[in-house]
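So the chains spell out like this:
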Amino acid sequence: MSRADTHADTETDERTDRLTVIADERRRYGPGALRELPRAERRCTVVCATGDRHTARWTGVPVTELLADAGEPPATTHVRLESRDGYRVCVPIRDALDGIVADTKEGAPLAERADYRTRFIAPDVDGERLVKGLGRLEALALTPDEDPDRLENVTLDAPEFG
């Protein structure tokens, strides 16, 4: 049984706050389950689309831990990250593996500072790819002729958002 299945979450709104990880298997983690997994810290600078730069200490679950629990396929080339509002990006696996699914910033829960509980954080990944309110993390095995950009939705002006 995976760690995702062994951690019960009794917190309110657990369905909307769950993180789904998809690799060889599908795992779902509520906020309580994420806090029980091995944790790591990253000091990262986020460069916003506005050009603002923010350096902070982030803590959360390593992407490697989540993918291992879901059975990461050896041929994985990218990780697709999707927020709860449908914002979706692809990150090369070599960059994603150094990342975490953060739930704290400077020692305080993200939910105390923002309207989201989790954020993908990784060094050397552009700010617009550091997804806030992460709801889904998926291992992908793309062929060399497949364009990962076609799997993204980086604007909330897209037709599905009205």
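The text that follows walks through the structure, step by step, so that each part is easy to find. (Residues numbered from 1 in each chain as written. Predicted model: local features only at pLDDT ≥ 70, side-chain atom pairs only at ≥ 80, totals over all residues. Heavy atoms only, no water.)

1. A look at the sheet that holds strand E5 (residues 78-83)
Here we have five strands laid out as an open sheet, ordered E2-E1-E10-E5-E6, and mixed in their pairing. Each edge of the sheet is formed by a strand with only one pairing partner; in this case those strands are strand E2 (26-29) and strand E6 (88-92). Taken over all neighbouring pairs, the strand axes of this sheet differ in orientation by 15° on average, direction set aside. For strand E1 (residues 19-22) and E2, the ladder comprises four bridges, and the chain directions are antiparallel. (Pairing = 2+ DSSP bridges. Helix = DSSP H or I, 4+ residues; strand = E, 2+ residues; numbered from the N terminus. Axes fitted to C-alpha atoms, helices over the stretch in contact; angles between N-to-C directions.)

2. Overview of the pairing of strand E4 (residues 53-62)
Residues in a regular strand point their side chains to alternate faces of the sheet. Sheet topology note: the strand E3 (residues 40-47)/E4 ladder contains eight bridges and is antiparallel. Its bridge partner being in E4, Arg43 is matched across the sheet by Arg57. In sequence, E3 turns back onto E4 through a hairpin of five residues, with Gly51 there showing a positive phi of about 100°. Sheet analysis places E4 next to strand E7 (residues 100-105), joined by five bridges and oriented antiparallel.

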